[in-house]
Amino acid sequence: FKQVYKVWLKTYKLTVKESSLVKLKQKFDNHILPFLGEMEIKKIKVSDVQQFTNEMCFEKKNTQYKEYVSNVSRIFEYAIKQGLVNKNPVKQIVIPKQKANLDDTKIHFYTMDQLKLFLKDAKANEGTQVYTVFHLLAYTGCRQGEILGLQWDCIDFDSRTLTVRQTLTRGENRRLYLEEPKTKKSKRTIPLDDLTISILKSWRTTQ
């Protein structure tokens, strides 16, 4: 299974962004290959894939277990096209359903008072750059990678806007690099208030 996966990966890596490739490789390296990697692909049975699925769902309680199963299916579909196997055992398993944990569905967030206290503490005890990052996260709704990917040409002080056009992400060997957002909607322009403009100007002066 591992050998087929490696051959499939050579072609797959040409079709996706580097960050997406890294995430997929982590899924295989951490969970799929330890279970199925050393098995002869022709001899992998429906019961083997079912056991893997059940373990991911119930023992490891991985909420993305269906995605892992789908990735296993990708390798079998590739193996069928290559004439290595005749059928895909993933199609014959029963996909289990996790019971919802009410505690896991709760949204955890700061109240306005807690946020103000947090930012006040950050301003008093952290450097200008760190405080600026936390303030932008709180006041723009941007994701962490979007904030860390900002450059000064993304800020328009005259129109008082911030434009998201790239994100900072990790590639292979934990290499940091800038890439375009995954979707067109992620590219957007966000209005900034007077306080945020003032904080950005302060950080630019410090920098």
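Residues numbered from 1 in each chain as written. Predicted model: local features only at pLDDT ≥ 70, side-chain atom pairs only at ≥ 80, totals over all residues. Heavy atoms only, no water.

Undergrad: Explanation requested: the overall build of the chain in the structure shown.
TA: Broken down by element type, the chain carries 9 helices and 5 strands. Starting at the N terminus and ending at the C terminus, the chain contains elements arranged as α-α-α-α-α-α-α-α-β-β-β-β-β-α. The buried share of the chain, taken over its 207 residues, is 37%. Residue pairs at least 24 apart in sequence account for 59% of intrachain contacts in the chain once pairs closer than 6 positions are excluded. Total accessible area on the chain stands at roughly 13,900 Å², and carbon and sulfur atoms take up 51% of it. (Helix = DSSP H or I, 4+ residues; strand = E, 2+ residues; numbered from the N terminus. Buried < 20%, exposed > 50% of the residue type's maximum accessible area, 1.4 Å probe, protein only. Contact = heavy atoms within 4.5 Å. Areas by Shrake-Rupley, 256 points an atom, 1.4 Å probe, with all protein chains shown as cover.)

Undergrad: Sorry if this is basic, but what is going on with the pattern of salt bridges here?
TA: One pass over the structure, following the stated rule, counts 10 salt bridges. E172 is paired through a salt bridge with K25; the nearest N and O atoms lie 2.9 Å apart. Here E172 is found in the loop between strand 3 (167-170) and strand 4 (176-179), whereas its partner K25 is found in helix 2 (residues 18-36), with 147 residues between them in sequence. Classification of E172 as partly exposed rests on a relative accessible area of 27%. We classify K25 as partly exposed; its relative accessible area is 24%. The partner of K91 in a salt bridge is E77, and the shortest N-O contact between them spans 3.5 Å. (Salt bridge = Lys/Arg side-chain N within 4 Å of Asp/Glu carboxyl O.)

Read these as layout, nothing more, since geometry by itself doesn't imply function.
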